[in-house]
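So the chains spell out like this:
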Amino acid sequence: MKYIYAFTVFLLVTSSLFAQEKIDLKKDTILTEVFSTREIKGLETIVDYADKIVLLNTDTKDISYGYHLFIEKMSIAENKNEIFKVDGVKDKNTFFKNLDKNTFNAIWLKPTSINGKKTSNNDYRLLDITTIKSFGEYLKKVGAEDGYYAYFYKSISNIGSLTLDDALFFYAKHKDFDFDIPKNRLWAAIFVLTREYPEK
């Protein structure tokens, strides 16, 4: 029975992905200036994986609309102080383990300990977004033209991580974001993968 369920989920995800045209991150000239070719390939992998999670947990084939639905669900759970359970994240640790290391290090920092216990090299829980590498440079340059990203860059730089206030800000403003635009899709994908969710 579990194999039938897994195969059904696979068909739903793949059919949705094929129905939705992938976004071309290279249309973002700032992105191509800041990130290496190798890192851009890694960013495309990040967006593809986040897209898959979003489509699996929203009743739509429109990925841009799907991100709005997904983020709204996150917001509702946060406001109700509920746990937001998500399908398709069991392999999240494996995804990060296999992700190009240059790309990972350009965006995230791994905690060395959680609740006082040292973490292993393969533990990708409770990630922090870093602004000291390529992604920070990208946010800063995009923020020179876009007030939302200026906010994110300043906040993350000052605190050293994505805070609850940053998440609440994005929940409140996500309807202003067009996720068919590369910078917004990339930010949403990174936001989705940075947050922690238990599997349904």
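I will try to describe carefully the structure that is included in this document. (Residues numbered from 1 in each chain as written. Predicted model: local features only at pLDDT ≥ 70, side-chain atom pairs only at ≥ 80, totals over all residues. Heavy atoms only, no water.)

### Re the overall build of the protein
For clarity, the cut-off: Helix and strand definitions follow DSSP, with helices as H or I runs of at least four residues and strands as E runs of at least two, each counted in order from the N terminus. Remark: exposure states derive from per-residue accessible area (1.4 Å probe, protein chains only) relative to the maximum for the residue type, with buried under 20%, exposed over 50%, and partly exposed in between. Note on definitions: a residue-residue contact is assigned when non-hydrogen atoms from the two residues lie within 4.5 Å. Here the Shrake-Rupley method, with its probe set to 1.4 Å, supplies the accessible areas, and only the displayed protein chains count as covering residues.
Check the secondary structure of the protein and you find 10 helices and four strands. When the helices and strands of the protein are listed from N to C terminus, the series reads α-α-α-α-α-α-β-β-β-β-α-α-α-α. Counting across all 200 residues of the protein, residues that qualify as buried make up 48%. In the protein, once contacts between residues fewer than 6 apart in sequence are set aside, the share between residues at least 24 apart is 66%. Accessible surface, the protein as shown: approximately 11,000 Å² in total, 53% of it carbon and sulfur.

### Here we look at the packing of aromatic side chains
Where we set the bar: Between rings of Phe, Tyr and Trp, where Trp is taken as its six-membered ring, a pair exists when centres lie within 6.5 Å; planes separated by under 30 degrees are stacked, by over 60 edge-to-face, and by other angles tilted. Consider the ring centre and the ring normal. A charge sits over the ring if Lys NZ or Arg CZ is within 6 Å of that centre and within 35 degrees of that normal.
Under the defined criterion, the tally for this structure stands at 31 aromatic pairs. Geometrically, the ring pair formed by Phe177 and Phe179 is stacked, given 6.2 Å between the ring centres and 15° between the ring planes. Across the pair, Phe179 and Phe177 agree in class, each one buried. For the cation-ring pair, Lys110 lies above Tyr124, with the distance from its terminal atom to the ring centre recorded as 4.4 Å.

### A closer look at the nonpolar core
What counts, and what does not: To define a nonpolar core, start from buried Ala, Val, Leu, Ile, Met, Phe, Trp, Tyr and Cys residues and group those joined through side-chain atoms within 4.5 Å.
Ranked by size, the top nonpolar core spans 57 residues in total, and within it Ile46, Trp108, Trp187 and Leu193 carry the most contacts. Counting residues per element, this core draws most heavily on helix α3 (residues 37-56), which supplies nine residues. When near neighbours in sequence (up to four residues on either side) are disregarded, Leu193 contacts Ile46, Tyr49, Ala50, Ile53, Lys92, Phe95, Phe96 and Trp108.

### Concerning the pattern of salt bridges
To keep it simple, the criterion reads: For salt bridges, the criterion is a side-chain nitrogen of Lys or Arg within 4 Å of an Asp or Glu carboxyl oxygen.
For the structure shown, the criterion picks out 10 salt bridges. For Lys141, the salt bridge is made with Glu137, and the minimal N-O distance between the two is 3.5 Å. Of this pair, Lys141 and Glu137 are both found in helix α7 (residues 134-143), four residues apart, which corresponds to roughly one turn of the helix. A salt bridge links Arg185 to Asp180; the nearest nitrogen and oxygen atoms lie 3.9 Å apart. Owing to a relative accessible area of 1%, Arg185 belongs among the buried residues under this scheme. In this structure Asp180 comes out as partly exposed when scored by relative accessible area, which is 43%.

### Quick look at the packing of helix α8 (residues 147-159) against helix α9 (residues 164-173)
To keep it simple, the criterion reads: Between N-to-C directions, angles span 0 to 180 degrees; the directions come from axes that are lines fitted to C-alpha atoms, helices contributing only their stretch in contact. Small angles under 35 degrees read as roughly parallel and large ones over 145 as roughly antiparallel, with 65 to 115 read as roughly perpendicular and the rest as oblique. Three classes are used: nonpolar for Ala, Val, Leu, Ile, Met, Phe, Trp, Tyr, Cys and Pro, charged for Asp, Glu, Lys and Arg, and polar for all others, with Gly counted as polar.
Interhelical geometry of α8 versus α9 gives an angle of 170° and a closest axis separation of 11 Å. Taken together, the axes of α8 and α9 lie roughly antiparallel to each other. Residues Tyr148, Tyr151, Phe152, Ser155 and Ile156 of α8 touch α9, and the partners they reach there are Asp165, Asp166, Phe169, Phe170 and Lys173. Considering only residue class, the contact of α8 with α9 consists of six nonpolar, one polar and three charged.

### What to know about unusual backbone geometry
Only a minority of non-glycine residues have a phi that is not negative, and only a minority of peptide bonds are not trans. A positive phi angle is found at Asn81, which is not glycine, with a value near 55°. The residue Asn81 is located in the loop between α4 (63-79) and α5 (92-98) in this model. Under the relative-accessibility criterion, Asn81 is labelled exposed at 74%.

### A word on the side chain of Thr194
For the record, the criterion: Whenever a nitrogen or oxygen atom comes within 3.5 Å of another N or O atom, the pair is scored as a polar contact, on the condition that within protein one atom can donate a hydrogen and the other can accept it, and that pairs from neighbouring residues in sequence are kept only if both atoms are in side chains.
With respect to the element layout, Thr194 can be found in helix α10 (residues 182-194). Using a relative accessible area of 7% as the deciding quantity, one classes Thr194 as buried. A distance of 2.6 Å separates the side chain of Thr194 from the backbone oxygen of Ile190, its partner in a polar contact.

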